[in-house]
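What follows is each chain in one-letter form.
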Amino acid sequence: ALLQSLTKYEADHGSAIVMEVATGRIVAMANLGLTKNGTYEEQRNYAVWERTEPGSTFKLASLLVALEDGKVDTADIVDTENGIFTIYGKQVRDSNVKYGKGGYGKITLAEAFRLSSNTGIVKAIYGAYEKDPQAFVDQLYNMGLQRRTGIRIKGETDPIIPKPKDKNWSGISLPWMAFGYEVSFTPLQMLTFYNAIANDGVMVRPQIVSTIKQHGHNEEVFEAQVLNSSICSKETIKQLQALLKGVVERGTAKYIYSDKLAMAGKTGTCQLDYWKGSLEYQSSFAGYFPADDPKYSCIVVVNKPNYKIGYYGSHVAGPVFKAIAEEVYLSMPEA
């Protein structure tokens, strides 16, 4: 499924991971990169090593913080206006601006998340934490998002979550963080966070080794390791789970909706090296299934698809997630 998307969209490379929700065990991990011959092969473990700005998949973490702090409610009305919100001379733009539509007008915060409105999410988060951005950052650190997962594979990269005291912090750092810029994570680190949402707030360490045997006898058995027993309140978790389900049912991921399998997740479309005026993108989808009784979480990240063919997470990464989810679900004993 990953190979098909990479080929169709002429992407540079991509990765996909499937994780068991309750235990953190990695069921599958695929990494494919474009070779000089024009074929795709496993070259680097992008899933564990490659750290990038995630874009809209991070909006889930932003809303978690604000909901947990009681700063916002999913029923709050946000005015996306014409789809452009200017802060310190820099523009936050909604994806529909380029189609001449320009924003979604006044919508609920829940709708802003489902539609992945950058202006809606940024207005809500910036309005809540403009005077105390440290409080926003503290909650991200309290969850443990600044740490590596500690998976037993070499080469994992440290996440990046800036602090207000950092020398490169500026007036646009908080609003840019709100919709997934100025922060950086590997696909595995983002999946670990989404898996915690699926796991009712319990964050577990991704595991690649279950048992070490010596002459047929178990030398060491690796049980599920809890990194954070509760990343937030149960009430917040339930709200976020409902939002992720809504994204697939009537939001940016409605293209992958299936009558056979209820899925939950979030699309992500991130412009890479945007400060250089680059037109290179990263398309992603992170989520879990079945939506109401999650057994597996999954993330798909496709880097540098040919933007002339397509680059939105909903079209490039979403269908890969759906194909994987349906295949895995059919192989589950109770399916």
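Residues numbered from 1 in each chain as written. Predicted model: local features only at pLDDT ≥ 70, side-chain atom pairs only at ≥ 80, totals over all residues. Heavy atoms only, no water.

**Student:** I'd love a proper account of the nonpolar core, names of residues and values included.
**Tutor:** Ranked by size, the top nonpolar core spans 99 residues in total, and within it Leu140, Phe193, Ile197, Ile231 and Val300 carry the most contacts. Here the element with the most residues in this core is helix α8 (residues 187-198); it accounts for eight residues. Among residues more than four places away in sequence, those in contact with Ile231 are Leu64, Met143, Phe193, Ala196, Ile197, Gly201, Met203 and Ile237. (Core = buried A, V, L, I, M, F, W, Y, C linked by side-chain atoms within 4.5 Å. Buried < 20%, exposed > 50% of the residue type's maximum accessible area, 1.4 Å probe, protein only. Helix = DSSP H or I, 4+ residues; strand = E, 2+ residues; numbered from the N terminus. Contact = heavy atoms within 4.5 Å.)

**Student:** So what about α8? Which residues, and what values?
**Tutor:** Here α8 spans 16 Å end to end across 12 residues, near enough to the 16 Å set by a 1.5 Å rise per residue. Taking burial as the measure, the 12 residues of α8 include 12 buried ones, the bulk of the element. Of the positions making up α8, those classed as buried are Pro187, Leu188, Gln189, Met190, Leu191, Thr192, Phe193, Tyr194, Asn195, Ala196, Ile197 and Ala198. (Expected span 1.5 Å × (residues − 1).)

**Student:** So what's going on with the side chain of Thr80? Which residues, and what values?
**Tutor:** Along the chain, the position of Thr80 falls in the loop between β4 (77-79) and β5 (84-87). Reaching out from Thr80, the side chain makes a polar contact with the backbone oxygen of Gly105 at a distance of 2.8 Å. Residue contacts for Thr80: discarding those within four places in its chain leaves Asp94, Gly103, Tyr104, Gly105, Ile107, Ser117, Thr119 and Gly120. (Polar contact = N/O pair within 3.5 Å; in protein donor to acceptor, adjacent residues only side chain to side chain.)

**Student:** Now, about helix α3 (residues 59-68): what can you tell me, with residues and values included?
**Tutor:** Within α3, nine of the 10 residues are buried, which leaves the element mostly enclosed by the surrounding structure. Looking at the residues trailing α3, positive phi occurs at Gly70, about 70 degrees.

**Student:** Residues and numbers for the environment of Cys270, please.
**Tutor:** Within the secondary structure layout, Cys270 lies in strand β12 (residues 264-272). Measuring from C-alpha to C-alpha, the distance between Cys270 and Lys308 comes to 15 Å, with 38 residues separating the pair along the chain. Among all residues touching Cys270, those that are not within four sequence positions of it are Glu53, Pro54, Gly55, Tyr181, Glu280, Tyr281 and Gln282.

**Student:** Any details on the pairing of strand β2 (residues 26-34)? Residues and values, ideally.
**Tutor:** Pairing of strand β1 (residues 13-20) with β2 involves seven bridges; the strand directions are antiparallel. Paired with Val18 across the two strands is Ala28, which belongs to β2. Turn length for the β2-strand β3 (residues 40-41) hairpin, with the two strands adjacent in sequence and antiparallel, is five residues, and the turn residue Gly38 shows positive phi of about 85 degrees. (Pairing = 2+ DSSP bridges.)

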